[in-house]
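Summary of the model geometry
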Amino acid sequence: MPRPSLTREEVLETAARYVKQHGPAALTMRKLAAELGTAVTSIYWHVGNREALLDALVERTVHELAAIRPRGRTPAQRIVSVARALRRDLRAHPHLVAMVHERGLTERMFLPAQQALVHEVHAAGLRGARAAEAVRAVQYQVVGYVLVERNRERAPAQHPGEEDLWDGAAAEQDPALARALARPVDPEKLFVVSVRALVESLVRP
């Protein structure tokens, strides 16, 4: 019999944390049992075999990513808030999101965010193909931005770096521009600037 205090939710929470730290390939039933301080048979009792465990983690991730709540006074502000929340969630669960994609559930994962965006673009007065275009433009902006962020984070150190490349000549004699481009990127600030500009152009009457 399983340990009385052990629950299915505890197993899934521990497995999700392990995958987040080490990736899905590193997750084995023995390692998970060791993390929980229980027997492997107890894990099987609660979640089944490893494939069933991974399926449960995928369903859990899809459910968690559905909990996006728009914030703001205007449709444009609420659309930006959805985009920020989606970016935050995708960045917080990269390995789990990859598992969702590998199991062919990516579209289902994005559906709640898309539905939230549909509601807001309707509130902004868009309908039909124009509304669909706005929803997809925001979604692609988020996904593309996250992919660029992750690629930059995994890239080797650059020599020369941006701080070495930008001077007055490279910036067409705009020293303030050169100084700004030589500074490290603030990903959150840049994301908000870019998504706000996109949304404002999409919902403009």
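Analysis parameters
- Residues numbered from 1 in each chain as written.
- Predicted model: local features only at pLDDT ≥ 70, side-chain atom pairs only at ≥ 80, totals over all residues.
- Heavy atoms only, no water.
- Helix = DSSP H or I, 4+ residues; strand = E, 2+ residues; numbered from the N terminus.
- Rg over C-alpha atoms; globule rule 2.2 N^0.38 Å.
- Buried < 20%, exposed > 50% of the residue type's maximum accessible area, 1.4 Å probe, protein only.
- Contact = heavy atoms within 4.5 Å.
- Lys, Arg positive; Asp, Glu negative; His and termini not counted.
- Charge placed at Lys NZ, Arg CZ, Asp CG, Glu CD.
- Expected span 1.5 Å × (residues − 1).
- Axes fitted to C-alpha atoms, helices over the stretch in contact; angles between N-to-C directions.
- Parallel < 35°, antiparallel > 145°, perpendicular 65-115°, else oblique.
- Nonpolar A, V, L, I, M, F, W, Y, C, P; charged D, E, K, R; others polar.
- Phe/Tyr/Trp six-rings, centres within 6.5 Å; stacked < 30°, edge-to-face > 60°.
- Lys NZ or Arg CZ within 6 Å of the ring centre and 35° of its normal.
- pLDDT = per-residue confidence, 0-100.
- Bend = angle between axes of the 7 residues up to and from the residue.

Each helix and strand in the protein chain was counted, giving 11 helices and zero strands. Ordering the α and β elements of the protein chain from the N terminus gives α-α-α-α-α-α-α-α-α-α-α. Relative to the 2.2 N^0.38 estimate, which gives 17 Å for 205 residues, the radius of gyration of the protein chain is 22 Å and therefore markedly larger than a compact globule would have. Once the C-alpha set of the protein chain is aligned to its principal axes, its extents read approximately 70 × 50 × 25 Å. Burial analysis of the protein chain (205 residues in total) assigns 37% to the buried set. Within the protein chain, residue pairs in contact and separated by at least 24 positions form 67% of the contacts whose partners lie at least 6 positions apart. Across the protein chain, 29 positive and 24 negative side-chain charges occur, with their mean positions spaced 5 Å apart.

Our focus in this paragraph is helix H4 (residues 50-65). Structural remark: α-helix, 3.6 residues per turn; residues separated by three or four positions point the same way. Under the 1.5 Å per step criterion, the end-to-end length of H4 is 23 Å for 16 residues, consistent within 8% with the ideal 22 Å. What H4 keeps buried is the set Leu 53, Leu 54, Ala 56, Leu 57, Val 58, Arg 60, Thr 61, Val 62 and Leu 65. Those residues of H4 that are buried are in contact with helix H1 (8-22), helix H2 (29-36), helix H3 (40-47), helix H5 (75-92), helix H6 (94-102) and helix H7 (106-123).

Across the interface, H5 lies against H7 with an axial gap of 8 Å and an inter-helix angle of 170 degrees. The orientation of H5 relative to H7 falls into the category roughly antiparallel. Contacts between H5 and H7 involve Pro 75, Arg 78, Ile 79, Val 82, Leu 86 and Leu 90 on the former and, on the latter, Met 109, Phe 110, Ala 113, Ala 116, Leu 117, Glu 120, Val 121 and Ala 123. For the contact of H5 with H7, the class distribution of residues is 12 nonpolar, no polar and two charged.

Right, let's talk about the packing of aromatic side chains for a bit. If you walk through the whole model with that rule in mind, you get one aromatic pair. Measuring from centroid to centroid gives 5.0 Å for Tyr 145 and Phe 191, while their planes differ by 65 degrees, and the two rings are edge-to-face. In this pair, Tyr 145 sits in helix H8 (residues 128-154) while Phe 191 sits in helix H11 (residues 187-202), placing the two residues 46 residues apart along the sequence. When sorted by exposure, Tyr 145 lands in the same class as Phe 191, which is buried. Geometry around Phe 191 places Arg 87 over its ring, the cationic atom sitting 5.3 Å from the centre.

The next thing to look at is the confidence of the model for the protein chain. On average, residues of the protein chain score 90 in pLDDT, and 98% of them reach the 70 mark or higher. Between the elements of the protein chain, mean pLDDT differs from a low of 86, seen in H4, to a high of 96, seen in H11.

Turning our attention to the side chain of Thr 14. Within the secondary structure layout, Thr 14 lies in helix H1. On the basis of relative accessibility, which here comes to 6%, the residue Thr 14 falls in the buried class. Sequence-distant contacts of Thr 14, defined by excluding residues within four places in its chain, comprise Leu 32, Glu 35 and Leu 36.

On to H7. Over its 18 residues, H7 runs 26 Å from end to end, which matches the ideal 26 Å to within 8%, given 1.5 Å per residue. Roughly 35 degrees is the biggest bend found in H7, and it falls at Pro 112. Buried within H7 are the following residues: Thr 106, Met 109, Phe 110, Ala 113, Gln 114, Ala 116, Leu 117, Glu 120 and Val 121. Gly 125, located one to two residues past H7, shows a positive phi value of around 95 degrees.

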